[in-house]
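Report on the structure
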Amino acid sequence: MRRIALFLNGLAPKRIPELNQFEKIYCTDGAYNYLRKLKIQPDVISGDLDSLDRSQIPASIEIVETADQDFTDFEKALQLIEQRGYQEVYVYGSSGMEHDHFLGNLSTALKFKKCLTLVFFDDYSYYFFTDKQTILEGYQGRTISLYPFPTAENIVTKGLRYSLNNESLDLTSRIGIRNQAVEEQVEISYEKGDLLVFILDR
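The notes below deal with the structure included here. (Residues numbered from 1 in each chain as written. Predicted model: local features only at pLDDT ≥ 70, side-chain atom pairs only at ≥ 80, totals over all residues. Heavy atoms only, no water.)

**Focus on a nonpolar patch on the surface**
A contiguous nonpolar surface patch, about 240 Å² in accessible area, is contributed by Leu 171, Ile 175 and Ile 177. Inspection of the secondary structure puts Ile 175 in the loop between β10 (165-170) and β11 (176-180). (Patch = residues over 30% accessible without salt bridge, like charges linked within 9 Å, V, L, I, M, F, W, Y side chains within 5 Å. Areas by Shrake-Rupley, 256 points an atom, 1.4 Å probe, with all protein chains shown as cover. Salt bridge = Lys/Arg side-chain N within 4 Å of Asp/Glu carboxyl O. Helix = DSSP H or I, 4+ residues; strand = E, 2+ residues; numbered from the N terminus.)

Structure, rendered in structure tokens:
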């Protein structure tokens, strides 16, 4: 699977991933400002370029100007990434700072759930929209939260301290945060809706 990193203009990550695991490094125009301070040179910058001085960008970096204001820079970057045939995107800098952007990023991720594998990382956890059936391995003792977006129906889990057996979660009445993996393998399945899985990074 072709994997790339995408840096967004949220809170700059304190921990930088091993960049050699990625085929390419993409960023939105606002994220380039902190990447430059971190001495990370992306392959591609995407966005409306309203926060960049082009004269400061090396010629070796591809610039894709996307001026359409009907979409966020994140969505425009994902459109470009999908068009270029990538399948797996590790997203950094998506949370922190302005929380409306964070929620907007989750909504955007949901639009691309069927065509891209999106995994978000911050300094505390990583999270993703799970498939209808998902197996997680190697997380015994870790905190795992199940978050409906906005509903997930008939959830069955194995390997969590507080199991669900054909139960539903709803954003307005019941969510499944701060659970814990008690086995090396955790199984999660559900029948309808959308479900975010957060795995605490400690």
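**Remarks on the packing of aromatic side chains**
Considering all chains together, one arrives at 15 aromatic pairs under this definition. With a centroid separation of 5.2 Å and 15° between ring planes, the pair formed by Tyr 92 and Phe 121 is classed as stacked. With Tyr 92 in strand β5 (residues 88-92) and Phe 121 in strand β6 (residues 117-121), this pair connects stretches of sequence that are 29 residues apart. The exposure class assigned to Tyr 92 is buried, which follows from its relative accessible area of 6%. Ring pairs connect the aromatic residues Phe 7, Phe 22, Tyr 90, Tyr 92, Phe 121, Tyr 126, Phe 128 and Tyr 139, which therefore count as one cluster. (Phe/Tyr/Trp six-rings, centres within 6.5 Å; stacked < 30°, edge-to-face > 60°. Buried < 20%, exposed > 50% of the residue type's maximum accessible area, 1.4 Å probe, protein only.)

**Regarding the nonpolar core**
Counting residues in each nonpolar core, the largest one holds 36 residues, and the members touching the most others are Phe 7, Leu 136, Ile 144 and Leu 146. Going through the elements one at a time, β1 (3-7), β2 (24-28), α1 (29-37), β5, β7 (125-129), β9 (143-158), β12 (185-189) and β13 (192-200) are the ones with two or more residues in this core. Setting aside residues up to four positions removed in sequence, Leu 146 forms contacts with Thr 157, Leu 160, Leu 164, Leu 169, Ile 175, Gly 176, Ile 177, Ile 188, Leu 195, Leu 196 and Val 197. Ranked by size, the runner-up nonpolar core spans 25 residues in total, among them Leu 8, Val 44, Ile 81 and Tyr 86. (Core = buried A, V, L, I, M, F, W, Y, C linked by side-chain atoms within 4.5 Å. Contact = heavy atoms within 4.5 Å.)

**Describing the side chain of Asn 179**
Among the structural elements, Asn 179 can be located in strand β11. Accessibility expressed as a relative area gives 8% for Asn 179, which makes it buried. Of note is the side chain of Asn 179, whose polar atom sits 3.4 Å from the backbone nitrogen of Arg 161. Excluding its chain neighbours within four sequence positions, the residues that come into contact with Asn 179 are Arg 142, Thr 143, Ile 144, Leu 160, Arg 161 and Tyr 162. (Polar contact = N/O pair within 3.5 Å; in protein donor to acceptor, adjacent residues only side chain to side chain.)

**Quick word on the pairing of β13**
In the sheet, β7 pairs with β13 via five bridges, with the strands oriented antiparallel. The residue bridging Tyr 126 from the neighbouring strand is Ile 199, located in β13. (Pairing = 2+ DSSP bridges.)

**Some thoughts on the packing of helix α2 (residues 73-83) against helix α3 (residues 99-111)**
With their axes 9 Å apart at the nearest point, α2 and α3 run at an angle of 25° to one another. Classed by the angle they form, the pair α2 and α3 counts as roughly parallel. For α2 against α3, the interelement crossing comes out right-handed. Every residue of α3 that contacts α2 at Phe 74, Glu 75 and Leu 78 is listed here: Asn 105, Thr 108, Ala 109 and Lys 111. Here the contact of α2 with α3 is composed, by residue class, of three nonpolar, two polar and two charged. (Axes fitted to C-alpha atoms, helices over the stretch in contact; angles between N-to-C directions. Parallel < 35°, antiparallel > 145°, perpendicular 65-115°, else oblique. Left-handed = near helix turned anticlockwise from the far one by under 90°. Nonpolar A, V, L, I, M, F, W, Y, C, P; charged D, E, K, R; others polar.)

Keep in mind these numbers describe shape, not what the thing actually does.
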